[in-house]
Amino acid sequence: NERGAYFSNLGHGKKPWPDCGEIDILEYWGRIPGVAQSVVHTRSSHGNTVNLGSQSIPEISTDFHIYSLEWTPDSLTFKVNKKKHYTYAPEVKNDTTWPFDTDQYLLLNFAIENVINPSFDEDILEVDYVRIYDETGTLIWSDEFN
């Protein structure tokens, strides 16, 4: 049901976007070079959401970086190279502000705005690894992309 949901045909997803929530660990806008942004979309704020934070990473498109999300029952904390730049922790947690008590799926992609390059049709998204840890720090899923 989620707009653009790659996994919806596999039976994942019971709510339409933005009710399902969306957590963007990294949202990089080519029109804002050198800035790593993290964004949270919910029913209370989506599209041009106010739930975001960022930091300057001058070599964002030339070097590898570690993008991380610490997800607890009370907050979402975003970091790049261990430096925190945003925490989403609404005082009131309900269906409008906190849909993050349900299963979510992981999606790696990039989307290119037509205003950046109208003739764009492909490029490379280079990912070294993705790792997911539980609350005790135990690795529960990993893909090393070898």
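Residues numbered from 1 in each chain as written. Predicted model: local features only at pLDDT ≥ 70, side-chain atom pairs only at ≥ 80, totals over all residues. Heavy atoms only, no water.

Participant: Please clarify how the packing of aromatic side chains should be interpreted in this entry.
Facilitator: Given two aromatic rings, their pairing is described by the distance between the two centres and the angle made by the two planes. Inspection of the entire model under this criterion finds 4 aromatic pairs. Taking the centre distance of 6.3 Å and the plane angle of 90° together, the rings of Trp71 and Phe100 count as edge-to-face. Of this pair, Trp71 sits in strand β4 (residues 67–71) while Phe100 sits in the loop between β6 (83–88) and β7 (130–133), and the two are 29 residues apart along the sequence. On the basis of relative accessible area, Trp71 is assigned to the partly exposed category, the value being 37%. The buried category is assigned to Phe100, whose relative accessible area is 3%. (Phe/Tyr/Trp six-rings, centres within 6.5 Å; stacked < 30°, edge-to-face > 60°. Helix = DSSP H or I, 4+ residues; strand = E, 2+ residues; numbered from the N terminus. Buried < 20%, exposed > 50% of the residue type's maximum accessible area, 1.4 Å probe, protein only.)

Participant: Explanation requested: the sheet that holds strand β2 (residues 35–41) in the structure shown.
Facilitator: Read across the open sheet, the 3 strands follow the order β1-β2-β3; overall the sheet is antiparallel. Either end of the sheet is taken by a strand with one partner, and the two such strands are β1 (22–27) and β3 (52–56). Going from strand to strand, the sheet's axes swing by 5° on average, the running direction of each strand aside. Pairing of β2 with β3, which is carried by 5 bridges, proceeds in the antiparallel orientation. Counterpart to Val39 in the pairing with β3 is Leu52. (Pairing = 2+ DSSP bridges. Axes fitted to C-alpha atoms, helices over the stretch in contact; angles between N-to-C directions.)

Participant: What is the right way to read unusual backbone geometry from this model?
Facilitator: Working note: non-glycine residues mostly have negative phi, and peptide bonds are mostly trans. Of note, Asn81 is a non-glycine position whose phi angle comes to about 50°, a positive value. Residue position: Asn81 is located in the loop between β5 (76–80) and β6.

Participant: Would you explain the environment of Asp19 in this entry?
Facilitator: Mapping Asp19 onto the fold places it in the segment before β1. The class of Asp19 is partly exposed, set by a relative accessible area of 22%. The spatial distance from the C-alpha of Asp19 to the C-alpha of Asn109 is 21 Å, given a sequence separation of 90 residues. Among all residues touching Asp19, those that are not within four sequence positions of it are Arg43 and Pro99. Separated by 2.7 Å, the side chains of Asp19 and Arg43 make a polar contact. (Contact = heavy atoms within 4.5 Å. Polar contact = N/O pair within 3.5 Å; in protein donor to acceptor, adjacent residues only side chain to side chain.)

Participant: Would you take a moment to explain the confidence of the model for the protein chain for this structure?
Facilitator: As a note on interpretation, predicted positions should not be read in detail where pLDDT is low. Looking at the protein chain as a whole, the pLDDT averages 87, with 91% of positions reaching at least 70. At the level of individual helices and strands, the protein chain shows its lowest average pLDDT in β1, which scores 92, and its highest in β6, which scores 98. (pLDDT = per-residue confidence, 0-100.)

Participant: Please explain the side chain of Gln55 as it appears in this structure.
Facilitator: Positionally, Gln55 belongs in strand β3. From its side chain, Gln55 meets the backbone oxygen of Lys83 in a polar contact 2.9 Å long. Once residues within four sequence positions are removed from consideration, Gln55 is found in contact with Gly34, Val35, Ala36, Lys79, Val80, Lys83 and His85.

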